[in-house]
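Each chain is listed here by its residues.
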Amino acid sequence: TRVLDLPAAGLVLLVGVSGAGKSTFAARHFRPTQVVSSDRCRAMVSDDENDQSATADAFELLHSVVDRRLRRGLLTVVDATNLHPHPRQELRRIAKKHCLPTAAVVLDLPADLIRERTRNRSDRVIDDDVTARQLHDLRRALRQLDQEKYRALHVLRTPEEVDAAVVRLVP
Ligand code: ATP
Ligand code: MG
């Protein structure tokens, strides 16, 4: 097993390209109410998880939920790609406002595995170009994450590491 220490009261950012297994990881390790998903927020405001025109509204809703949960000191896990610095910064700012820590779990799986999973998905069609761009963005994000000073930063690089992960909530 690989123990991932995460703050019991605070914000957890999942980071990874589409198909990395963020939603699967979230469902396995957290209660449904602890997980705030950008795709679910998109669906709530547009009836369509894939409607990119709803992104701004979806993130406003996501931030609002994160803010209200953290105000109550509740563990809150953001299931979004979190590949870009400004959205990450905005989420960390909300946690900081409530004097709570932010941690990150990065799912950095081999590109070939991502492409295979993406092609086999029945719930969503993702263009190879989109995957390629996200894989590039993830390399950059990994360098930035190192500088961003998280309470904990866990990077899982193989499916075996992901399967062996156990979350331990630290007070
Ligand atoms: P998106 O950003 O598009 O929502 P995601 O990171 O949430 O993607 P998931 O939906 O969790 O990814 O997983 C994508 C695909 O990979 C799914 O078809 C799922 O069955 C498979 N998968 C995810 N995690 C695992 C795992 N640990 N072992 C085997 N298959 C997995
Ligand atoms: Mg998902």
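Relevant structure appears above.
The sections below set out a description of the structure shown in this document.

Observations regarding the site of ligand 1
Logical step 1: Around ligand 1 sit 13 residues in total, of which Lys-22, Ser-23, Thr-24, Arg-121 and Arg-124 are the nearest.
Logical step 2: A distance of 3.2 Å separates an oxygen atom of ligand 1 from a polar side-chain atom of Asp-39.
Logical step 3: Here ligand 1 loses 72% of its free accessible area of 630 Å² to cover by the protein chains.
Logical step 4: Ranked by residues supplied to the shell around ligand 1, first place goes to helix 1 (residues 22-29) with 3 residues.
Logical step 5: Here the residues of the shell around ligand 1 are counted per class, giving 2 nonpolar, 5 polar and 6 charged.

Thoughts on the pattern of salt bridges
Logical step 1: Counted by the stated rule, this structure contains 15 salt bridges.
Logical step 2: Two residues, Glu-148 and Arg-88, come together in a salt bridge whose shortest N-O distance is 2.8 Å. Separated by 60 residues along the polypeptide, Glu-148 in the loop between helix 6 (128-147) and strand 6 (152-156) and Arg-88 in helix 4 (residues 85-97) bring together distant segments of the chain.
Logical step 3: Across the pair Arg-93 and Glu-90 runs a salt bridge, and its minimum N-O distance is 2.9 Å. Separated by 3 residues within a single helix, Arg-93 and Glu-90 lie in helix 4, roughly one turn from each other.

Some points on the pairing of strand 2 (residues 11-15)
Logical step 1: Extensive coverage of strand 2 is indicated by the burial of 5 of its 5 residues.
Logical step 2: Neither face of strand 2 is open: one carries Leu-11, Leu-13 and Val-15, the other Val-12 and Leu-14, and all of them are buried.
Logical step 3: The pairing of strand 2 with strand 4 (residues 76-79) spans 4 bridges and is parallel. Bridging across to strand 4, Leu-13 finds its partner in Val-78.
Logical step 4: As defined by bridge partners, strand 2 adjoins strand 5 (residues 102-107) across 5 bridges and the pair is classed as parallel. Along strand 5, the bridge assignment pairs Val-15 with Val-106.

Examining the nonpolar core
Logical step 1: Core analysis: the largest hydrophobic core is formed by 45 residues, its most contacted members being Leu-11, Phe-25, Val-66, Val-78, Val-105 and Leu-156.
Logical step 2: Contact partners of Leu-156, with chain neighbours within four places excluded, come to Arg-2, Leu-4, Phe-25, Val-105, Val-106, Leu-107, Asp-108, Leu-109, Glu-161, Val-162 and Ala-165.

Quick word on the packing of helix 3 (residues 55-71) against helix 4
Logical step 1: Contact geometry of helix 3 with helix 4 gives a least axis separation of 9 Å together with a crossing angle of 25°. Taken together, the axis directions place helix 3 and helix 4 in an arrangement best described as roughly parallel. For the pair helix 3 and helix 4, the crossing hand works out as right-handed. When helix 3 is examined against helix 4, the residues Leu-62, His-63, Val-66, Asp-67 and Leu-70 are found in contact with a partner set consisting of Glu-90, Leu-91, Ile-94, Ala-95 and Lys-97.
Logical step 2: A class-by-class count of the residues in the contact of helix 3 with helix 4 yields 6 nonpolar, 1 polar and 3 charged.

Observations regarding the side chain of Asp-67
Logical step 1: As for its position among the elements, Asp-67 is in helix 3.
Logical step 2: Among all residues touching Asp-67, those that are not within four sequence positions of it are Ile-94, Lys-97 and His-98.

Structural notes on unusual backbone geometry
Logical step 1: Phi angles above zero are rare outside glycine, and Asp-47 is one such case at about 65°.
Logical step 2: Here Asp-47 shows up in the loop between helix 2 (38-46) and helix 3.
Logical step 3: Given the relative accessible area of 76%, Asp-47 is considered exposed.
Logical step 4: With phi around 55°, Cys-99 is a residue other than glycine that occupies positive phi space.
Logical step 5: Relative to the helices and strands, Cys-99 resides in the loop between helix 4 and strand 5.

Calculation notes
- Residues numbered from 1 in each chain as written.
- Chains lettered and ligands numbered in written order.
- Predicted model: local features only at pLDDT ≥ 70, side-chain atom pairs only at ≥ 80, totals over all residues.
- Heavy atoms only, no water.
- Near = heavy atom within 4 Å.
- Polar contact = N/O pair within 3.5 Å; in protein donor to acceptor, adjacent residues only side chain to side chain.
- Areas by Shrake-Rupley, 256 points an atom, 1.4 Å probe, with all protein chains shown as cover.
- Helix = DSSP H or I, 4+ residues; strand = E, 2+ residues; numbered from the N terminus.
- Nonpolar A, V, L, I, M, F, W, Y, C, P; charged D, E, K, R; others polar.
- Salt bridge = Lys/Arg side-chain N within 4 Å of Asp/Glu carboxyl O.
- Buried < 20%, exposed > 50% of the residue type's maximum accessible area, 1.4 Å probe, protein only.
- Pairing = 2+ DSSP bridges.
- Core = buried A, V, L, I, M, F, W, Y, C linked by side-chain atoms within 4.5 Å.
- Contact = heavy atoms within 4.5 Å.
- Axes fitted to C-alpha atoms, helices over the stretch in contact; angles between N-to-C directions.
- Parallel < 35°, antiparallel > 145°, perpendicular 65-115°, else oblique.
- Left-handed = near helix turned anticlockwise from the far one by under 90°.

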